[in-house]
Amino acid sequence: MPRPAAGVALRLAALAGAAGLAYARWEAESYRLRRVDVPVLPPGAEPLRVLHLSDVHLLPRHRRRRRWLRSLAALEPDLVVDTGDNISAADAIGPLLEALDPLLHRPGVLVLGSNDYFAPRLRNPAAYLAGPSAVVGPRRRLPTEELVAGLTRHGWVDVDNARTSLTARGHRIDVVGVDDPHLGRDRYLDVGAPADAAATVTIGVAHAPYRRVLDAMTTDGVDLVLAGHTHGGQLAVPGHGALVTNCDLPARYASGLHQWTYRRRRSWLHVSAGVGTSPFTPVRFACPPEATLLTLTPSALG
């Protein structure tokens, strides 16, 4: 290629790269609400609306994110499920609680993610192609107890390796959760049990959707499992989808609603693409940030 033509090609490539980066930065703040129906209730049951939040990764400077989170209270969900990675720094707890305050007064449950325990750190994004990120070496601890105290002060229940039952619209909702599987903190055997037929619906909750947790919950007859962690792949390929999940979940399940099958038993699985990103990689591509309003409806199968 003649030198002038080569120079033009390099400049065009640089412009295309800059434009792509600018778009990815814009998409990372293009928050949207997805609405999904899940046919999981008994025949004749009144629908239940569940707001699924995950991976907020908040910093105090995220004012637009905070306003958007606060606006979600207008949905008036019957239940809020927070699947962790709420903050990216200790000084984000106050802004997070302010943003979520209207939702904290509604029934809710939460589990924690790794970034509720430890501050994120710089990592080569290409390393995710080689497998899940390793949680090794010194990490800066976050004030996790303060975070949990704030999230539960108006009635939300921490279901990290715990169970609870709630009532909404006259229906009993059983919830079983685990602490973050990505950190190896999950102890499902300590809290797992076959789903109680007296409950209208049983919901499983985890931050990272590792298969060992999904398989165990499905074996116990959990109707719906909610998780986050994957960021939906964060950088997806249009027409193909996610390339990675940062756990052992196959990429085709990186976000959205799917059926999970294990030993001929099935559960619904919803994986949130999440609201935020690591502060070191504030970009998304073909994978916009989201919260999801799940409407649980009667199943045609009964």
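Structure: see above.
Here is a short report on the structure shown in this document.

1. Some words on the overall build of the protein chain
Part 1 of the argument: The number of helices and strands found in the protein chain is seven helices and 12 strands.
Part 2 of the argument: Here the protein chain, with 302 residues, has 53% of them falling under the buried criterion.
Part 3 of the argument: In the protein chain, of all internal contacts separated by at least 6 residues, the share reaching a separation of at least 24 is 75%.
Part 4 of the argument: Here the protein chain has roughly 13600 Å² of accessible surface; of this, 55% comes from carbon and sulfur atoms.

2. Digging into helix H3 (residues 93-104)
Part 1 of the argument: In a regular helix each residue adds 1.5 Å, so 12 residues correspond to 16 Å; H3 covers only 14 Å between its end C-alpha atoms and thus falls short of that length.
Part 2 of the argument: If you check which residues of H3 are buried, you get Ile93, Pro95, Leu96, Leu97, Ala99, Leu100, Leu103 and Leu104.
Part 3 of the argument: Against the buried residues of H3 lie strand E2 (48-53), helix H2 (63-71), strand E3 (79-82) and helix H5 (144-151).

3. Concerning the packing of H2 against H3
Part 1 of the argument: Two elements in contact, H2 and H3, have axes separated by 7 Å at closest approach and are oriented at 20 degrees. Judged by the inter-axis angle, H2 sits roughly parallel to H3. For the crossing formed where H2 meets H3, the hand is right-handed. Residues Arg66, Leu69 and Arg70 of H2 form the contact with H3, whose own contacting residues are Pro95, Glu98, Ala99, Leu100, Asp101, Pro102 and Leu103.
Part 2 of the argument: Within the contact of H2 with H3, the residues separate by chemical class into six nonpolar, no polar and four charged.

4. Considering the pairing of strand E12 (residues 290-298)
Part 1 of the argument: Across the nine residues that make up E12, a large majority, eight, are buried.
Part 2 of the argument: Relative to E12, strand E1 (residues 32-41) runs parallel, the two sharing nine bridges. Each bridged residue has a counterpart across the sheet, and for Arg35 the counterpart in E12 is Leu293.

5. Details of the environment of Asp215
Part 1 of the argument: With respect to the helices and strands, Asp215 occurs in helix H7 (residues 211-219).
Part 2 of the argument: You can call Asp215 buried: its relative accessible area is 15%.
Part 3 of the argument: Remark: the alpha-carbon pair of Asp215 and Arg263, spanning 48 residues in sequence, is separated by 8.5 Å.
Part 4 of the argument: Beyond its immediate sequence surroundings of up to four residues, Asp215 is in contact with Trp260 and Tyr262.

6. Digging into the packing of aromatic side chains
Part 1 of the argument: If you walk through the whole model with that rule in mind, you get four aromatic pairs.
Part 2 of the argument: Here the aromatic rings of Tyr23 and Trp26 are separated by 5.6 Å at their centres, their planes lie at 40 degrees, and the arrangement is tilted. Residue Tyr23 and its partner Trp26 are located together in helix H1 (residues 3-27), separated by three residues, close to a single helical turn.
Part 3 of the argument: We classify Tyr23 as partly exposed; its relative accessible area is 36%.
Part 4 of the argument: The exposure class assigned to Trp26 is partly exposed, which follows from its relative accessible area of 48%.
Part 5 of the argument: In this structure, Arg141 is placed above the aromatic ring of Phe118, and the distance from its NZ or CZ to the ring centre is 5.1 Å.
Part 6 of the argument: The ring of Tyr210 carries the charged tip of Arg212 above its face, separated from the ring centre by 5.0 Å.

Cut-offs applied
Residues numbered from 1 in each chain as written. Predicted model: local features only at pLDDT ≥ 70, side-chain atom pairs only at ≥ 80, totals over all residues. Heavy atoms only, no water. Helix = DSSP H or I, 4+ residues; strand = E, 2+ residues; numbered from the N terminus. Buried < 20%, exposed > 50% of the residue type's maximum accessible area, 1.4 Å probe, protein only. Contact = heavy atoms within 4.5 Å. Areas by Shrake-Rupley, 256 points an atom, 1.4 Å probe, with all protein chains shown as cover. Expected span 1.5 Å × (residues − 1). Axes fitted to C-alpha atoms, helices over the stretch in contact; angles between N-to-C directions. Parallel < 35°, antiparallel > 145°, perpendicular 65-115°, else oblique. Left-handed = near helix turned anticlockwise from the far one by under 90°. Nonpolar A, V, L, I, M, F, W, Y, C, P; charged D, E, K, R; others polar. Pairing = 2+ DSSP bridges. Phe/Tyr/Trp six-rings, centres within 6.5 Å; stacked < 30°, edge-to-face > 60°. Lys NZ or Arg CZ within 6 Å of the ring centre and 35° of its normal.

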